[in-house]
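# Structural overview for review
Letter by letter, the chains look like this.
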Amino acid sequence: MNTKSNPLSKYFRKPAIYVQIPTGGRFNPEIDKTILDEIPIMPMTAIDEISMQNPDELLNGEALINVIKSCIPTIPEPRNLCNIDADLLFLAIKYATYGKTVTHLHTCTECKEQAEYNIDINNVLDKFPEIHEVDPVEHEDLKIFITPPRMESMTRLALIDVEQQRILQSVQKVAESEINEIELAKQFAISFRKVSKQNIDLLINSIDRVETPDEVITDEDAIIEFMNNVPATVIATINERVLLVSKKPKDLTTFEFVCEACEHKDKVNFELNPVNFS
Ligand SMILES: [Zn+2]
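Quick look at the structure, then. (Residues numbered from 1 in each chain as written. Predicted model: local features only at pLDDT ≥ 70, side-chain atom pairs only at ≥ 80, totals over all residues. Heavy atoms only, no water.)

### Here we look at helix 4 (residues 83-98)
Going by this rule: A run of H or I in DSSP counts as a helix once it spans at least four residues, and a run of E counts as a strand once it spans at least two, with each numbered from the N terminus. In this scheme, a helix's expected span is set at 1.5 Å multiplied by one less than its residue total. Classification of residues uses two cut-offs on accessible area relative to the type maximum, computed with a 1.4 Å probe and protein chains only: under 20% is buried, over 50% is exposed, and between them is partly exposed.
With 16 residues, helix 4 should cover 22 Å at 1.5 Å per step; its first-to-last C-alpha distance of 23 Å lies within 8% of that length. Counting buried residues in helix 4 gives 14 out of 16 residues, a clear majority hidden from the surface.

Okay, structure coming up:
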């Protein structure tokens, strides 16, 4: 049904908060400039919530993409979002859906007293850094332009992480049973190769374009071949620049809980992992 003709449409969900993203949209020209100062965030629908609880959808990243599409329709290509922007947007969606307070049950490490603590999402949102453009890496007459890691590549990394865990678990099981050490070593080798390949992929994904004096190269295959054939020092410099645009303050999601019973202070860090969403 067309929402315009539905007399109930005025009761549909509306934006609950407005946010700015850490990169200010610098690396996403496809986002409409006029909304960047106030990106409207709508609460999740029941369907969004269900999809955020489906482990398979979460793992392949589809759930995250679909929730952004649903709650922030002004973002045209969620897959292209920089990872740090996506982190903030997920928190904002959480805020829009459940309110600004998250309660956390914490057990004092000193006296084991349990208590619930309130965390104000506003405080976390305020702590996000501003991500600026970095100068291109220069190599001879080339300029190599860097972007922060994108959500898509991070989702792939998360998947590899899960795979690693699975392999480790199976190795543990195997260790208790019959399988020989060669098979074990083989499994490790495969998984480590996958992970280092992912790291190189991540670096390649962080190259926006390479400019020669005559042309601009964005073709991924050309860039991959280039990366495989330049001196290691160039790769190291690119790596440093990538770190500059992917910085996330360590204390972004670190909270101090003071125990009511013994006044002991615990510092607790939360992953901004949307998987622990509700
Ligand atoms: Zn205590």
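Still to come is the rest of the account.
### Describing the coordination of the zinc ion
Definition in use: Each metal's donors are the N, O and S atoms found within 2.8 Å of it, except that Na, K and Ca use a 3.2 Å limit; water is left out, so coordination can look incomplete. Every angle between 85 and 135 degrees makes a four-donor site tetrahedral, while opposite donors more than 155 degrees apart, with all other angles between 65 and 115, make a four-donor site square planar and a six-donor site octahedral; other sites are irregular.
Every protein donor of the zinc ion is accounted for by Cys 108 (SG), Cys 111 (SG), Cys 259 (SG) and Cys 262 (SG), and the metal-donor separations fall at 2.3 to 2.4 Å. Relative to the metal, the 4 donor atoms surrounding the zinc ion lie at angles of 106 to 112°, and the coordination shape comes out tetrahedral. Judged by its relative accessible area of 32%, Cys 262 is partly exposed.

### A closer look at helix 3 (residues 62-71)
With 7 of its 10 residues buried, helix 3 lies for the most part within the structure. Those residues of helix 3 that sit buried are Ala 63, Leu 64, Ile 65, Val 67, Ile 68, Ser 70 and Cys 71.

### Quick look at unusual backbone geometry
With glycine set apart, most residues show a phi of negative sign, and most peptide bonds adopt trans. Of note, the phi angle at Lys 112 is positive, near 70°, even though the residue is not glycine. Locating Lys 112 in the fold gives a position in the loop between strand 3 (101-107) and strand 4 (114-120). Overall, the relative accessible area of 57% leaves Lys 112 in the exposed class. The backbone of Glu 263 shows a phi angle near 65°, a positive value even though the residue is not glycine. Looking at the element boundaries, Glu 263 is found in the loop between strand 9 (254-258) and strand 10 (265-269).

### Description of the sheet that holds strand 6 (residues 142-146)
Convention followed: When DSSP locates at least two bridges between a pair of strands, those strands are taken to pair. Any two residues whose heavy atoms approach within 4.5 Å at even a single point are treated as in contact. Axes here mean lines fitted to C-alpha atoms, for a helix over just the part in contact, with angles spanning 0 to 180 degrees between N-to-C directions.
In spatial order, the strands read 5-6-7-8; together these 4 strands make up an open sheet with antiparallel pairing. Sheet topology places strand 5 (137-139) and strand 8 (216-217) at the edges, where each strand pairs with a single neighbour. In the sheet, strand 5 pairs with strand 6 via 3 bridges, with the strands oriented antiparallel. Note on strand 6: the bridge partner recorded for Glu 138 is Lys 143. The sheet contacts of helix 8 (residues 220-227) involve strand 6, strand 7 (207-211) and strand 8, and relative to strand 7 the element is tilted by about 80°. In the packing of helix 9 (residues 232-245) onto the sheet, contacts are made with strand 5, strand 6 and strand 7, and the angle to strand 6 comes to roughly 35°.

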